[in-house]
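A structural walkthrough
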Amino acid sequence: MKYLNFTKQLAAVAFVAIAFTACDKADEVDPIGDRGQTLVKLVKGGQPGESKFAIDFVPVPTDLVICDVRRDVPNNTELNKTMNVTVIDDTAALRAFDPGIVYLPNTWYSISAATPKTGGDGGLFNMTMQPGEFAKQIVITIPDATVLDPSTTYGLAFTITAADANGTISYNRTVVSTIGAKNKYDGTYNLKGIHNRPTYQFFYEAEMDMITTGAASVIFYFKDAGSVGHPIATDANNTLSWYGPAIAPQVDFNPATNLATAIYNTGGATPIGINNGANYPAPPDPANPSISRYDDATKTMYLYWRYNNNPDRAFFDTLYFLGPG
């Protein structure tokens, strides 16, 4: 998922765990190790490659597997040893990865008792792998995601600093995790619609991200432009253009009814407001031609809005859900 970070010109947020160095497939163990060594490594929550996690913007606890501490052993003798591993809460690695990421305050989450941490920021996890145990997971619980600012990307980083019992620390020793919150309206959509402005009255189609900006608010992110904003078509062949980020509609929903309560401009002084569906002879939803809303059953948005308080400057959008952003 892509998260909106206004301090970094729309950088990507949900909860994303990214290896700071190269990664191995997390759910496999090398049965012969590496040249007879026991390799100790960090992997990302059981997922190979880039892992993406998104937590709902709701006041309920969410458990997140930040990473696994693994040992790849050459034989059963090594596996049956007790191994102690030290992992640091690596604030320096987080800053080096991206100085724009905000360190997740330690008062906003708790850590599983199975992997206790000593110290606050920059503290240590001291883990003990018992005989026969391949891995330990670092699990955090965020009790209330509404403490997060949906427009901010938070992060944590972890680095293995020591391992006994003949363990060799792998180059896969650091994992950086970025953390964000999303609401149910967040995601990637196929946008279809029409702009009723004379000389620009053409149907358009584009892939859009609707990005969480609040508990029940999302903003249009025009992927082809790499910015908040909204496309227009300049001809009947769906040749796309836009008015730039100065026209950046944001939508507020009533989460109980899924009705859009407001559509407004976050990019500039040009006023944007909900349109009543007028001046379009074939609205996308004939049964409700003037109701801007979200359909829970189909995950479809029907959004009718205009700018400059002019019904002849209106957009009639239908957004079909494709998947998480």
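Residue indices begin from 1 for each chain and proceed along its sequence in written order. Note on the predicted model: pLDDT of at least 70 is required for a residue's local features to be given, and 80 or more for side-chain atom pairs to be given and counted; whole-chain, interface and lining totals, by contrast, use all residues. To get the side-chain values, all heavy atoms of the structure are used, and hydrogens and water are removed first.

Notes on the overall build of the protein
Summing up its helical and strand segments, the protein has 2 helices and 27 strands in all. Only protein chains enter the calculation, and the probe is 1.4 Å; a residue is then buried if its accessible area is under 20% of its type maximum, exposed if over 50%, and partly exposed in between. By residue count, 48% of the 325 residues in the protein fall in the buried class. Secondary structure follows DSSP: runs of H or I at least 4 residues long count as helices, runs of E at least 2 residues long count as strands, and numbering of each begins at the N terminus.

Brief notes about the pattern of salt bridges
The salt bridge criterion pairs a side-chain nitrogen of Lys or Arg with a carboxyl oxygen of Asp or Glu, the two atoms within 4 Å. Scanning the entire structure with this criterion turns up 8 salt bridges. The shortest N-O distance in the salt bridge between Asp-68 and Arg-70 comes to 2.9 Å. In this structure, Asp-89 engages Lys-117 in a salt bridge whose closest nitrogen and oxygen atoms are separated by 2.8 Å. Separated by 28 residues along the polypeptide, Asp-89 in strand β6 (residues 83-89) and Lys-117 in strand β9 (residues 117-118) bring together distant segments of the chain. Here Asp-89 and Lys-117 have matching classes, each one buried. The network of salt bridges with shared partners includes Glu-207, Asp-209 and Lys-223.

Re the side chain of Ser-292
Here Ser-292 is to be found in the loop between β24 (272-274) and β25 (293-295). Pairs of N or O atoms within 3.5 Å make up the polar contacts considered here, provided that, within protein, one atom can donate a hydrogen while the other can accept it, and that residues adjacent in sequence are counted only when both atoms are side-chain atoms. In this structure the side chain of Ser-292 is engaged in a polar contact, spanning 2.9 Å, whose partner is the backbone nitrogen of Tyr-304. In this description, contact between two residues means that some pair of their heavy atoms is separated by no more than 4.5 Å. Look past the residues within four positions of Ser-292 in its chain and what remains in contact with it is Leu-259, Ala-260, Ile-263, Ile-274, Tyr-302, Leu-303 and Tyr-304.

Brief notes about the side chain of Asn-190
Within the secondary structure layout, Asn-190 lies in strand β16 (residues 187-195). Accessibility expressed as a relative area gives 17% for Asn-190, which makes it buried. Among the polar contacts listed, one links the side chain of Asn-190 to the side chain of Glu-205, at a separation of 3.1 Å. Here Asn-190 is in contact with Glu-205, Ala-206, Thr-318, Leu-319, Tyr-320 and Leu-322, once residues within four sequence places are set aside.

Looking at the nonpolar core
Membership of the largest hydrophobic core comes to 34 residues, with the highest contact counts inside it found for Val-69, Val-87 and Phe-158. Among the secondary structure elements, those contributing two or more residues to this core are β2 (38-43), β5 (62-72), β6, α2 (91-97), β10 (124-129), β11 (135-142), β12 (154-163) and β14 (174-179). It is β12 that provides the largest number of residues to this core, a total of 5 residues. With sequence-adjacent residues up to four places away left out, Val-69 is seen in contact with Val-40, Lys-41, Leu-42, Val-85, Val-87, Met-127, Met-129, Phe-134, Ala-135, Lys-136 and Ile-160. Throughout, nonpolar core names a set of buried Ala, Val, Leu, Ile, Met, Phe, Trp, Tyr and Cys residues whose side chains join them through atoms within 4.5 Å.

Points about the sheet that holds strand β13 (residues 167-169)
DSSP bridges decide pairing: two strands pair if at least two such bridges lie between them. Taken together, 5 strands build an open sheet; the order of strands is β8-β11-β5-β2-β13 and the sheet is mixed. Either end of the sheet is taken by a strand with one partner, and the two such strands are β8 (110-111) and β13. Pairing analysis gives 5 bridges linking β2 to β5, with the strands arranged antiparallel. Bridge assignment links Val-40 to a residue of β5, and that residue is Arg-71.

Observations regarding the pairing of β6
Most of β6 is tucked away: 5 of the 7 residues are buried. With 6 bridges joining them, β6 and β10 adopt antiparallel strand pairing. Across the sheet, Val-85 pairs through a bridge with Met-127, a residue of β10. In the sheet, β6 pairs with β12 via 5 bridges, with the strands oriented antiparallel. Looking at β12, one finds that Asp-89 is bridged to Phe-158.

Considering unusual backbone geometry
Glycine aside, the phi torsion of most residues is negative, and most peptide linkages are trans. Located in the positive-phi region is Thr-199, a residue other than glycine, with phi close to 75 degrees. Among the secondary structure elements, Thr-199 is positioned in the loop between β16 and β17 (203-214). Take Thr-199: its relative accessible area is 64%, and that puts it in the exposed class. In the Ramachandran plot, Asn-308 falls in the positive-phi region, its phi being about 60 degrees despite a non-glycine side chain. Structurally, Asn-308 is set in the loop between β26 (300-307) and β27 (314-323). For Asn-308, a relative accessible area of 46% translates into the label partly exposed.

Observations concerning the packing of aromatic side chains
Geometry of an aromatic ring pair is reported as the spacing of the ring centres plus the angle between the planes. We call Phe, Tyr and Trp rings a pair once their centres come within 6.5 Å, taking the six-membered ring for Trp, and we label the pair stacked below 30 degrees between planes, edge-to-face above 60, and tilted otherwise. Applying the stated criterion to the full structure yields 13 aromatic pairs. Centroid distance Tyr-304 to Phe-316: 6.2 Å. Interplanar angle 50 degrees. Geometry classified as tilted. With a gap of 12 residues between them, Tyr-304 in strand β26 and Phe-316 in strand β27 connect regions that are remote in the sequence. For the pair Tyr-304 and Phe-316, a shared accessibility class is recorded, and that class is buried.

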